[in-house]
Amino acid sequence: MLKLEARAEPSRAMAWASPVIALALTALLAAALFAALGKDPLRGLEVFLVEPLNGRRALSEVLLKATPLILIALGLALCYRANVWNIGAEGQFLLGCVGGGAVALWLTQQGIVLPRLAGSTLVLVGGMLGGMLWAAVVALLRDRFNANEILVSLMLVYVAQQLVNWLVFGPWKDPQGFNMPQSRMFDASVLLPPLLERTRLHVGVLVALAAVVAMTLFMFRTYRGFALQVGGLAPMAARYAGFSARGAIWTGLLVSGAMAGLAGAMEVAGPVRQVTPYLSMGYGFTAIIVCFVGRLHPVGVVLAGILLSMLLIGGELAQSRLGLPSALSSVLQGLLLLVLLACDTLINYRIRRVSRQAPRSAA
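All of the points below concern the structure found in this document. (Residues numbered from 1 in each chain as written. Predicted model: local features only at pLDDT ≥ 70, side-chain atom pairs only at ≥ 80, totals over all residues. Heavy atoms only, no water.)

### Description of the overall build of the protein chain
Broken down by element type, the protein chain carries 13 helices and two strands. A compact globule built from 363 residues would reach a C-alpha radius of gyration of about 21 Å, and the protein chain, at 23 Å, matches this within 12%. By principal-axis analysis of the C-alpha atoms, the protein chain measures approximately 90 × 60 × 40 Å. Looking at the 363 residues of the protein chain, the share that counts as buried comes to 48%. When contacts within the protein chain are restricted to residue pairs at least 6 apart in sequence, those whose partners lie at least 24 apart make up 79%. Taken as two groups, the 28 positive and 15 negative side-chain charges of the protein chain have centres that lie 9 Å from each other. (Helix = DSSP H or I, 4+ residues; strand = E, 2+ residues; numbered from the N terminus. Rg over C-alpha atoms; globule rule 2.2 N^0.38 Å. Buried < 20%, exposed > 50% of the residue type's maximum accessible area, 1.4 Å probe, protein only. Contact = heavy atoms within 4.5 Å. Lys, Arg positive; Asp, Glu negative; His and termini not counted. Charge placed at Lys NZ, Arg CZ, Asp CG, Glu CD.)

What follows is the structure, encoded as structure tokens:
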């Protein structure tokens, strides 16, 4: 028989090298998958790992898609370090789209023209409030009724999607949109300023980098961040030290909701410029993988966000250039997570062979 036995002292170097090893193994598995589908493995890997970085415009698209992943993953990393398992960042992202879209539509319909910095800031604040509101529902049910935050946050994702559908098919539907389920286009005064000419990249990427710095300082240089992490690693020790478990729940979920809502507001005020039913590419779920590949560390989240953004773009390129199914990107993301979990298991445990004892005969 084989048995997992905990290692006395897992290697810290291997723990940090684990994502690199997982990426290499995932690339090998992806090559085998391409070959099984009748495609050139090297060409397939090139589409996923090289072409998304080929040129100024391609790099801008990688950063554009990495921005919401990084923002959402930052909030989730704080939650998971506090042992609060928010799985519904996708719903909080959509409510951020709704909150930011509501502000943008109101300013547009009222004909209020503000300086672009002021208008876009109001949209981002509206998105953060929308995400926090949706996360507060999870925190309230967990705090008052001890409801499982995994199930509640996940189920609220589908409620959020139906809310978006109702808005764009109903009260927010553009009367001049040829009966398409979409809102009016936002006025230019509420859109995020572009960062590079002739690209879709906007200043949101700078906001994401500022959020990385702020989250790093909060996690590792503040008393509140220390209390949250102690509560996640050792709940009994946190209770003995007087750290509030309720505070950890509310802080983790509200910060996570604000980050996801901010990402949603950037999406509607950036590349999309309106509210539609197809706002998210699964950013909220992909950000969970970003969290664990990035080791729940803000700097690691940046690198993981760029990697997962490349996989998203590579999936689109593989569909158009190689004729591969669009779901292949999700398959590779899942493979990466599974391989990473397997690597982490072998870092923390060793496999031992245990002899099976024969059953004793009855006297």
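### Here we look at the packing of aromatic side chains
Geometry of an aromatic ring pair is reported as the spacing of the ring centres plus the angle between the planes. Enumeration over the complete set of coordinates arrives at six aromatic pairs. Between Y80 and W85 the ring centres are 4.8 Å apart and the planes differ by 25°, which places this aromatic pair in the stacked class. For W85, a relative accessible area of 29% translates into the label partly exposed. Their ring planes at 80° and their centres at 5.7 Å tell us that Y223 and F243 sit as a pair that is edge-to-face. With a gap of 20 residues between them, Y223 in helix α8 (residues 223–233) and F243 in the loop between α9 (235–241) and α10 (245–272) connect regions that are remote in the sequence. One aromatic cluster is present, built from ring pairs that chain together Y80, W85 and F292. (Phe/Tyr/Trp six-rings, centres within 6.5 Å; stacked < 30°, edge-to-face > 60°.)

### A few points about the side chain of S309
Positionally, S309 belongs in helix α12 (residues 298–321). Given the relative accessible area of 0%, S309 is considered buried. For S309, the contacting residues outside a window of four places in its chain are E61, V62, K65, A66 and L69.

### As for the environment of L59
Checked against the element boundaries, L59 lands in helix α3 (residues 56–81). Looking at L59, the relative accessible area reads 39%, which means it is partly exposed. Taking the C-alpha atoms as reference points, L59 and I306, 247 residues apart in sequence, are found 9.9 Å from one another. Ignoring any residue separated from it by four or fewer positions in sequence, one finds L59 in contact with P52 and L53.

### A look at the layout of surface pockets
In this structure, the largest pocket spans a volume of roughly 750 Å³. Contributing to the lining of the largest pocket are 20 residues, with A15, R81, L233, R295 and L296 lying nearest its centre. At the level of elements, α1 (12–36), α3, α8 and α13 (328–348) are the ones that each hand at least two residues to the lining of the largest pocket. Looking at the lining of the largest pocket residue by residue, the classes come out as 10 nonpolar, six polar and four charged. Of the voids in this model, the second largest pocket is the one considered here, and its volume is about 330 Å³. If you trace the second largest pocket, you find 16 residues lining it, with A82, R142, G231, P235 and A245 closest to the centre. Only α8, α9 and α10 provide two or more residues apiece to the lining of the second largest pocket. Here the residues of the lining of the second largest pocket sort into 10 nonpolar, three polar and three charged. (1 Å grid on protein atoms, 1.4 Å probe; cavity = no way out; pocket = protein on both sides within 12 Å on 5 of 7 lines; lining within 4 Å. Points joined across faces, edges and corners; volume = space filled by probe spheres on them. Nonpolar A, V, L, I, M, F, W, Y, C, P; charged D, E, K, R; others polar.)

### Overview of the state of the cysteines
On inspection of all chains with the given rule, the structure shows zero disulfides. C291 supplies the cysteine sulfur nearest to C79, a cysteine that is in no disulfide, at a spacing of 8.9 Å. Taking relative accessible area as the criterion, C79 reaches 0% and is therefore assigned buried. Taking relative accessible area as the criterion, C291 reaches 0% and is therefore assigned buried. (Disulfide = S-S within 2.5 Å.)

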